[in-house]
Amino acid sequence: MKAVILAGGLGTRLSEETSIRPKPMVEIGGKPILWHIMKTYSAHGINDFIICCGYKGYIIKEYFANYFLHMSDVTFDMRFNQMNVHSGYAEPWRVTLVNTGDNTMTGGRLKRISEHLGNETFCFTYGDGVSNINITELVKFHKQQNSLGTLTAVQPAGRFGAISLGYEQTKITSFREKPEGDGAWINGGYFVLEPEVINLIADDSTVWEQEPLEKLADMEQLSAFKHDGFWQPMDTLRDKNYLEGLWKNNQAPWKVW
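Please read these numbers as outputs of a predicted model, since none were measured by experiment.

Turning our eyes to something else, we now look at the nonpolar core. If you look at the biggest cluster of nonpolar residues, it comprises 40 residues, and the most contacted ones within it are Tyr41, Ile51 and Trp254. At 6 residues, the largest contribution of residues to this core is made by helix H2 (residues 33-43). The residues touching Trp254, leaving out its near neighbours within four places in the chain, are Ile28, His36, Thr40, Val130, Ser131, Asn132, Phe230, Leu243, Leu246 and Trp247. Listed in part, the 29 residues of the second largest apolar core include Leu117, Phe191, Leu200 and Ala217.

Spelled out as structure tokens, the structure:
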């Protein structure tokens, strides 16, 4: 199974960091938050990634091109123009990096990488948040629901896309992006999707969290996997420092590997 990760936005609310690099490359514990997200998927056996690049995407490409340099001890012998890697660890990853445009919306980015998906169920999430979600159980739940899409529903203070969901209910009947008020179940990302959802995306201007998700909900083809464990987006410098503190103190709940 492939995992698609959005990594092309401007990250304006974290401008202290994103003026020099894309938001998914902001580091937690010396590693990009993108790496943390990929390690979570990899812990559940998903190692084939498609990264939707945009703003400063070359930095993401250079990171993976030089992955051994980041993870290993090396000796550079200038006399013979040689590099010797003394020790290193190779992740079992296959990473496809696709330039999806600087100004493309979230839905448009997904549509742009559709040729790399094939005709199989795939995972899809944001490149700026971490969680200890059980992805194995999420995928299993999605298959049981027989829906075109499943999102992970979380319950922090309401800032993101809210969904109407009763306690025993698994089918979403309405979707509203960034509602007023707190306490609702919200869109936490970590989607599992069928390839047919690409047909609901018109073009680069389509916001995934608006028309496509609203249509899926109207069709009763959007299910919710309730996650009451750890989930934290990195929207601001305060969020970044909070995650950094958890990692530094060996209290990072998302470290499931």
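To continue, consider the pairing of strand S15 (residues 222-226). Burial runs high along S15: 4 of the 5 residues are buried. Direction of pairing for strand S10 (residues 149-154) relative to S15: parallel, over a ladder of 5 bridges. Bridge pairing links Ala153 to Lys226 in S15.

Right, let's get into the layout of surface pockets. Each pocket or cavity is described by its volume, and for the largest pocket that value is around 940 Å³. Lining the largest pocket are 33 residues, and of these Lys23, Thr106, Tyr126, Asp128 and Glu209 lie nearest its centre. Listing elements by their share of the lining of the largest pocket, those giving two or more residues are strand S1 (2-7), helix H5 (106-112), strand S8 (122-126) and strand S16 (231-233). Residues that form the lining of the largest pocket fall into these classes: 11 nonpolar, 13 polar and 9 charged. Its boundaries defined by the atoms lining it, the second largest pocket holds a volume of some 180 Å³. Where the lining of the second largest pocket is concerned, the elements lending two or more residues are helix H3 (57-65) and helix H4 (67-71). Classifying every residue of the lining of the second largest pocket by side-chain character gives 8 nonpolar, 1 polar and 1 charged.

Notably, Asn81 is not glycine yet its phi reads approximately 55 degrees, a positive angle. Notably, Glu220 is not glycine yet its phi reads approximately 55 degrees, a positive angle.

Another aspect to go through is the environment of Asn103. Along the chain, the position of Asn103 falls in the loop between strand S7 (94-99) and H5. Counting along the chain gives 93 residues from Asn103 to Leu10, while the straight-line C-alpha distance between them is 8.6 Å.

Our focus in this paragraph is helix H7 (residues 211-218). The complete set of buried residues in H7 reads Pro212, Leu213, Leu216 and Ala217. Seen end-on, H7 carries its buried residues on one side only, within an arc spanning 135 degrees. Where H7 is buried, its residues contact strand S12 (175-176), strand S13 (186-187), strand S14 (191-193) and S15. Where H7 terminates, the next one or two residues include Glu220, which has phi positive at roughly 55 degrees.

Turning next to the pattern of salt bridges. Taken as a whole, this structure holds 8 salt bridges when the rule is applied. One salt bridge in this structure joins Glu91 and Lys39, with 3.5 Å as the shortest N-O distance. Here Lys39 lies in helix H2 and Glu91 lies in the loop between strand S6 (82-87) and S7, a separation of 52 residues in the sequence. Using a relative accessible area of 12% as the deciding quantity, one classes Lys39 as buried. Across the pair Glu244 and Lys240 runs a salt bridge, and its minimum N-O distance is 3.8 Å. Placement of both Glu244 and Lys240 in helix H8 (residues 237-248) is noted, with a separation of 4 residues, approximately one turn of the helix. You can call Lys240 buried: its relative accessible area is 12%. Taken together, the shared-partner salt bridges in this structure form one network comprising Lys23, Asp128 and Asp235.

Conventions we followed
- Residue positions are given per chain, counted from 1 along the sequence in the order it is written.
- In keeping with the predicted nature of the model, local features appear solely for residues at pLDDT of at least 70, side-chain atom pairs appear and are counted solely at 80 or more, and the whole-chain, interface and lining totals rest on all residues.
- Side-chain calculation: all heavy atoms of the structure are included, whereas hydrogens and water are not.
- Here the nonpolar core consists of buried residues drawn from Ala, Val, Leu, Ile, Met, Phe, Trp, Tyr and Cys, with membership extended through side-chain atoms lying within 4.5 Å.
- Relative accessibility decides the category of a residue: with a 1.4 Å probe and only protein chains considered, values under 20% of the type maximum give buried, values over 50% give exposed, and everything between is partly exposed.
- Helix and strand labels come from DSSP, where a helix needs a run of H or I of at least four residues and a strand needs a run of E of at least two; each type is numbered from the N terminus.
- Residues are treated as being in contact if the distance between any of their heavy atoms lies within 4.5 Å.
- A strand pair is defined by DSSP finding two or more bridges across the two strands.
- The way it works is a 1 Å grid over only the protein atoms, where trapped points that fit a 1.4 Å probe form a cavity and open points with protein on both sides within 12 Å along at least five of seven lines form a pocket, and then any residue with an atom within 4 Å of a point lines it.
- Grid points are joined across faces, edges and corners, and a volume is the space filled by probe spheres set on the points.
- Charged means Asp, Glu, Lys or Arg here, nonpolar means Ala, Val, Leu, Ile, Met, Phe, Trp, Tyr, Cys or Pro, and polar covers whatever is left, Gly included.
- Starting at the helix axis, one direction is taken to each C-beta atom, and the arc is that of these directions.
- Here, a salt bridge means any Lys or Arg side-chain nitrogen found within 4 Å of an Asp or Glu carboxyl oxygen.

Treat this as a map of the structure, not an account of what it does.
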